[in-house]
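Summary of the model geometry
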Number of protein chains: 2
Amino acid sequence: MTTKNFTVTGMSCGHCESAVRSELAELTGIEEIAVSASTGELRVTLAEGADLPDSAIIEAVDEAGYQAVPAP
Amino acid sequence: MTTKNFTVTGMSCGHCESAVRSELAELTGIEEIAVSASTGELRVTLAEGADLPDSAIIEAVDEAGYQAVPAP
């Protein structure tokens, strides 16, 4: 199972978290999403065998109106 | 035309403004809504002849998850 971590800027509340979740939900291959407006942390756990590039995640977050960068 | 002003606490972004608008939209007798997360100002303009008590507006804002008090 692969976990990808990102730092998302611009989220301020639960609605923002929902907007990010909602866009990510449209992608195939994600098993779990953990996102926090207060810390800006986004953790995406991919399903077994899924191959989802960072760029797809970053683009989905962008669609929601925020900017994500891979976290160290 | 009657205009009612409120101060709303807890809104942080455009999603919050939308949530407030959305709840207020369910009320009858409102002609215009101006709401700002940054200032916390909510201005509700009633339609001609409409009689909407402050309490109905405050309750709708509460449904959205925020607290409104009549502004001076």
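Residue numbers here run from 1 along each chain, matching the order of that chain's written sequence. Here the convention is simple: chains get letters from A, ligands get numbers from 1, in the order in which they are written. Given that this is a predicted model, residues contribute local features only at a pLDDT of at least 70 and side-chain atom pairs are listed and counted only at 80 or more, while totals for whole chains, interfaces and linings are drawn from all residues. The side-chain values count all of the structure's non-hydrogen atoms but skip hydrogen atoms and water molecules.

Things to note about the relation of the copies chain B and chain A
Going by this rule: C-alpha atoms of residues with pLDDT of at least 70 in both copies form the basis for the least-squares superposition of the copies.
Mapping chain B onto chain A calls for a rotation angle of 180° and an axial translation of 0.0 Å; the resulting RMSD is 0.0 Å. One copy is carried onto the other by what is essentially a two-fold rotation axis.

Some details on the side chain of A:Ser36
Heads up, the rule is: The secondary structure listing takes helices from DSSP runs of H or I that are at least 4 residues long and strands from runs of E that are at least 2 residues long, numbered from the N terminus. Pairing of N or O atoms within 3.5 Å defines a polar contact, subject to two protein rules: one partner must be a possible hydrogen donor and the other a possible acceptor, and residues neighboring in sequence count only if both atoms are side-chain atoms.
Mapped onto the fold, A:Ser36 is located in the loop between strand E2 (30-35) and strand E3 (41-46). Within the structure, the side chain of A:Ser36 is placed 3.1 Å from the side chain of A:Thr39, a separation counted as a polar contact.

Focus on the side chain of A:Lys4
All names here are of chain A. Just so we agree on the cut-off: Relative accessibility thresholds used throughout: buried, under 20% of the residue-type maximum; exposed, over 50%; partly exposed, between the two (1.4 Å probe, protein chains only). By definition in these notes, contact holds between two residues if any of their heavy atoms fall within 4.5 Å.
Its place among the elements puts Lys4 in strand E1 (residues 3-9). When its relative accessible area of 16% is taken as the criterion, Lys4 is described as buried. With near-sequence residues (within four places) excluded, Lys4 lies in contact with Leu42, Arg43, Val44, Leu46, Leu52, Pro53, Asp54 and Ile57.

Focus on the UniProt feature "domain: HMA" (unreviewed entry) in chain A
Note the following rule: UniProt positions are given in the numbering used here, feature names are shortened, and annotations may be inferred rather than shown by experiment.
The sites that UniProt annotates as "domain: HMA" (unreviewed entry) are residues 2-69 of chain A. Annotated as 32% helix and 32% strand, the span residues 2-69 of chain A places its first and last C-alpha atoms 17 Å apart.

Re the nonpolar core
For the record, the criterion: Definition used in this section: a nonpolar core is a set of buried Ala, Val, Leu, Ile, Met, Phe, Trp, Tyr and Cys residues joined via side-chain atoms within 4.5 Å.
Counting residues in each nonpolar core, the largest one holds 45 residues, and the members touching the most others are A:Val20, A:Leu42, A:Tyr66, B:Leu24, B:Leu42 and B:Tyr66. With residues near it in sequence (within four places) discarded, A:Leu42 still touches A:Lys4, A:Asn5, A:Phe6, A:Val8, A:Val20, A:Leu24, A:Ile33, A:Ala34, A:Val35, A:Ile57 and A:Val61.

Observations concerning the sheet that holds strand E4 (residues 67-70) of chain A
Residue and element names in this part refer to chain A. The condition is simple: One requirement defines pairing of two strands: DSSP has to find at least two bridges between them. As a rule, the C-alpha atoms of each element are fitted with a line to give its axis, helices using only the stretch in contact, and angles between N-to-C directions run from 0 to 180 degrees.
Ordered in space as E2-E3-E1-E4, the 4 strands form an open sheet in which the pairing is antiparallel. Each edge of the open sheet carries a strand with a single partner, namely E2 and E4. Taken pair by pair, the neighbouring strands of this sheet meet at an average axis angle of 25°, ignoring direction. As judged from the 5 bridges shared by E2 and E3, these two strands associate in the antiparallel manner. Note on E3: the bridge partner recorded for Ile33 is Val44. Packed on one face of the sheet, helix H1 (residues 14-24) meets E2 and E3 and runs near 165° to E2. Helix-sheet contacts for helix H2 (residues 54-64) involve E1, E3 and E4, and the interaxial angle to E1 is about 30°.

Some points on a negative patch on the surface
Just so we agree on the cut-off: A patch is a set of surface residues, each over 30% in relative accessible area and not in a salt bridge, joined within 9 Å for like charges and within 5 Å for the nonpolar side chains Val, Leu, Ile, Met, Phe, Trp and Tyr. For the area figures, the Shrake-Rupley method with a 1.4 Å probe applies, and any residue is considered shielded solely by the protein chains shown. Think of a salt bridge as a Lys or Arg side-chain nitrogen and an Asp or Glu carboxyl oxygen that are within 4 Å of each other. In this charge count, Lys and Arg are treated as positive and Asp and Glu as negative; neither His nor the chain ends contribute. The atoms used to mark charge sites are NZ of Lys, CZ of Arg, CG of Asp and CD of Glu.
On the surface, a cluster of negative charge is made up of A:Glu26, A:Glu59, A:Asp62 and A:Glu63. Mapped onto the fold, A:Glu59 is located in helix H2.

Observations concerning helix H1 (residues 14-24) of chain B
Test applied: Throughout, the arc means the angular range of directions from the helix axis out to the C-beta atoms.
All of the buried residues along H1(B) are B:Cys16, B:Ala19, B:Val20 and B:Leu24. The buried side chains of H1(B) occupy one side of the element, clustering within an arc of 130° when seen end-on. Here the buried face of H1(B) lies against H1 of chain A together with strand E2 (30-35), strand E3 (41-46) and helix H2 (54-64) of chain B.

As for the environment of A:Met11
Residue and element names in this part refer to chain A. With respect to the helices and strands, Met11 occurs in the loop between E1 and H1. Classification of Met11 by relative accessible area gives buried; the value is 8%. Between the C-alpha atom of Met11 and that of Ser38, which follows or precedes it by 27 residues, the distance is 7.7 Å. Leave out the neighbours within four places in its chain, and Met11 touches Cys16, Glu17, Val20, Val35, Ser36, Ala37, Gly40 and Tyr66.

So, the interface of chain B and chain A
Heads up, the rule is: In this description, buried area is defined as the sum, over both parts, of the accessible area (probe of 1.4 Å) that is lost when the two are combined. For this classification, the nonpolar set comprises Ala, Val, Leu, Ile, Met, Phe, Trp, Tyr, Cys and Pro, the charged set comprises Asp, Glu, Lys and Arg, and every other residue, Gly included, is treated as polar.
The interface of chain B with chain A comprises 6 residues on the first partner and 6 residues on the second. Taken over both partners, the interface formed by chain B and chain A buries close to 390 Å², and the fraction arising from carbon and sulfur atoms is 62%. Counting the surface chain B buries against chain A, the share from its top three residues, B:Ser12, B:Cys13 and B:His15, is 79%. Where chain B meets chain A, there are 0 salt bridges. Counting across the interface, chain B meets chain A through 3 residue pairs in polar contact (both at pLDDT 80 or more). When grouped by side-chain class, the residues that make up the side of chain B that touches chain A number 4 nonpolar, 2 polar and no charged.

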